[in-house]
Amino acid sequence: MPKSLKNKIDPYIIDVIGRLRSAGFETYLVGGAVRDILLDRTPKDYDVSTAATPEEVRRVFRDRHTLIIGKRFRLVHLIRGRDITEISTFRKRPDQEDQADRPKRCENAPENMIFHDNAFGTSRDDAFRRDFTVNAIFYDPIDDKLVDHTGLGVSDLRDGIVRTIGDPSLRFEEDPVRVLRAIKLVGQYGFTMESETGRAVRDSLELILHASPSRLSLELEKILRNSYTDSILKAFHDYGFLRYYLPDLDAVFETPEMDYALQLLALRGERIRSGIFRASLSTAVAMVALPFAETEIGQAGRGGLWDYYLGVESDLRHIILRLFHPLVLTHRTTSDAVNNLLMQLRFKTHRRLHSCADRKGYPGAREFAIIQNIVAWHIPDFEDSCPLPVRSSGATNIKRRRGHRGGRRGGNGNPDQAQTVHAAAQAAESVEPATESERDFNA
Ligand code: ATP
Ligand code: MG
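Being a predicted model, the structure only gives us computed values, none of them experimental. (Residues numbered from 1 in each chain as written. Chains lettered and ligands numbered in written order. Predicted model: local features only at pLDDT ≥ 70, side-chain atom pairs only at ≥ 80, totals over all residues. Heavy atoms only, no water.)

### Quick word on helix α9 (residues 213-225)
The end-to-end C-alpha separation of α9 is 18 Å, in line with the 18 Å expected for 13 residues at 1.5 Å each. If you check which residues of α9 are buried, you get Leu216, Ser217, Glu219, Leu220, Glu221, Ile223 and Leu224. On its buried face, α9 is in contact with α7 (177-189), α10 (229-238), α11 (242-245), α13 (256-273), α14 (281-297) and α15 (312-324). (Helix = DSSP H or I, 4+ residues; strand = E, 2+ residues; numbered from the N terminus. Expected span 1.5 Å × (residues − 1). Buried < 20%, exposed > 50% of the residue type's maximum accessible area, 1.4 Å probe, protein only. Contact = heavy atoms within 4.5 Å.)

Here you go:
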């Protein structure tokens, strides 16, 4: 008998859900964490959905470590050290009438685009306002119960299928960021698109030009933090989506430089998944930029870096800004990535490394150097000769993450994946079935 799903969840999250439940509010674990647990992967964060309003959530936690955030919809961030748990109130799909007062700058946006999305609803409403069936599975860790309102979430996850909830063209028009999210699922898990969803994705690529730049930048940050950055970017390119999302990166996607960047990112992903390294946004940015910097400001080509000169920082910054144009990374991320790149020469030549082992960006730069050494430098005993970071708050993952099973990627019809999801779903005490009418939603 497989172990309960509950054992795969951080006890802190079970406590959070338990506290909301004890205060009388129906509450579930939702979103990517449920997906990852069922696929036997380690969730990178947890989303919680509850009947409590944001103010009620704050009261349950006596306002401690909580922050109400969001303009488009309000939710609570529960903060514990570096980890943030998002607690959102059950919402429903907004009515078309609610969208009458569209912002001025969005007058040319698609007819069905949603601008206001903050109407509270029931847990069932909340499942049906979500984007894909595999993202709408709820888990109650107190009673160890999965709730699959659409009736297709668990089977689609088992079969590796991306399927919108409801009419795909309409759902993409309502919110074009869903196009990005659909292709991200393909890249991250090796899923395939259900045929109607796939057709609508291909017809809706350009809609992303109407999405808010801040949301797109936020998604970019999440992609760069993800351990599957390389395969997500490849899926974006294969679907013809990268041309609209990151046109300057798309233009160089088939160059040897990008090939090298993808190799670096792939190895980084493997190391994150095996617990050696903790995902760092600025290191991923540095990895994308490095091969282009070697070509543009270095002389020796791959692995040769560049010599220091006055103004190198600004050149590196420009390369980063250009590659990610028109999206904007924060000033801090860009600066951290530039510092990371600048430290690479020190690592390669082993110059005064001890004197910077306590710097904030050292762990990420060290990890990047180790990866470059594996892919290009091939300096013997390199890792052993790089001083360990002096501070533990950096990017090196000291603690092995719980429950991880290596880098195995699922896929459509993958028998291992089917078995994993089946066993995991069986492990829950019960899976609440959908009613027949719910099951018909996609017909
Ligand atoms: P990740 O593991 O990258 O966090 P995720 O699916 O959890 O993946 P989030 O952005 O954290 O992504 O969103 C949490 C959940 O909220 C999703 O699983 C989905 O159910 C819902 N959601 C997110 N974005 C949308 C959207 N644009 N439209 C509808 N539902 C969405
Ligand atoms: Mg999430």
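### Things to note about a nonpolar patch on the surface
A cluster of nonpolar side chains, Leu67, Ile79 and Ile84, forms an exposed patch at the surface whose accessible area comes to about 230 Å². Following the sequence through the fold, Ile79 ends up in strand β4 (residues 75-80). Among the residues examined, Ile79 registers a relative accessible area of 31% and is labelled partly exposed. (Patch = residues over 30% accessible without salt bridge, like charges linked within 9 Å, V, L, I, M, F, W, Y side chains within 5 Å. Areas by Shrake-Rupley, 256 points an atom, 1.4 Å probe, with all protein chains shown as cover. Salt bridge = Lys/Arg side-chain N within 4 Å of Asp/Glu carboxyl O.)

### Here we look at the site of ligand 1
Gly32, Arg35, Asp175, Arg178 and Lys222 are the nearest of the 16 residues found near ligand 1. Here an oxygen atom of ligand 1 sits 2.8 Å away from a polar atom, N or O, in the main chain of Asn135. Counting residues per element, the ones that place at least two in the shell around ligand 1 are α2 (32-38), α7 and α9. For the shell around ligand 1, the element with the highest residue contribution is α7, accounting for three residues. Its residues placed into classes, the shell around ligand 1 shows no nonpolar, three polar and 13 charged. (Near = heavy atom within 4 Å. Polar contact = N/O pair within 3.5 Å; in protein donor to acceptor, adjacent residues only side chain to side chain. Nonpolar A, V, L, I, M, F, W, Y, C, P; charged D, E, K, R; others polar.)

### Brief notes about the environment of Arg74
Relative to the assigned elements, Arg74 resides in the loop between β3 (66-69) and β4. On the accessibility criterion, Arg74 (28% relative accessible area) is partly exposed. Each C-alpha atom, one on Arg74 and one on Ser88, is 7.5 Å from the other, the two residues being 14 residues apart in sequence. Every residue in contact with Arg74, bar those within four places of it in the chain, is listed here: Pro54, Glu55, Ile68, Ile69 and Asn118. A polar contact of 2.4 Å, which involves the side chain of Arg74, links it to the side chain of Glu55.

### Some details on the confidence of the model for the chain
When pLDDT drops low, the exact placement of atoms in the prediction is not to be read closely. Scored by pLDDT, the chain comes out at a mean of 88, with 87% of its residues at no less than 70. Within the model, the stretch residues 393-413 combines pLDDT values under 50 with 64 contacts to residues more than four positions away or in other chains. Contacts for the low-pLDDT stretch residues 435-443, under 50 throughout, to residues beyond four places or in other chains number 18 contacts. (pLDDT = per-residue confidence, 0-100.)

### Focus on the pattern of salt bridges
Tallied over the full model, the rule gives 24 salt bridges. The partner of Asp83 in a salt bridge is Arg80, and the shortest N-O contact between them spans 3.9 Å. Residue classification places Asp83 among the partly exposed residues on the basis of a relative accessible area of 35%. Bridged by salt links that share partners, the residues Asp10, Arg80, Asp83 and Arg278 form one connected network.

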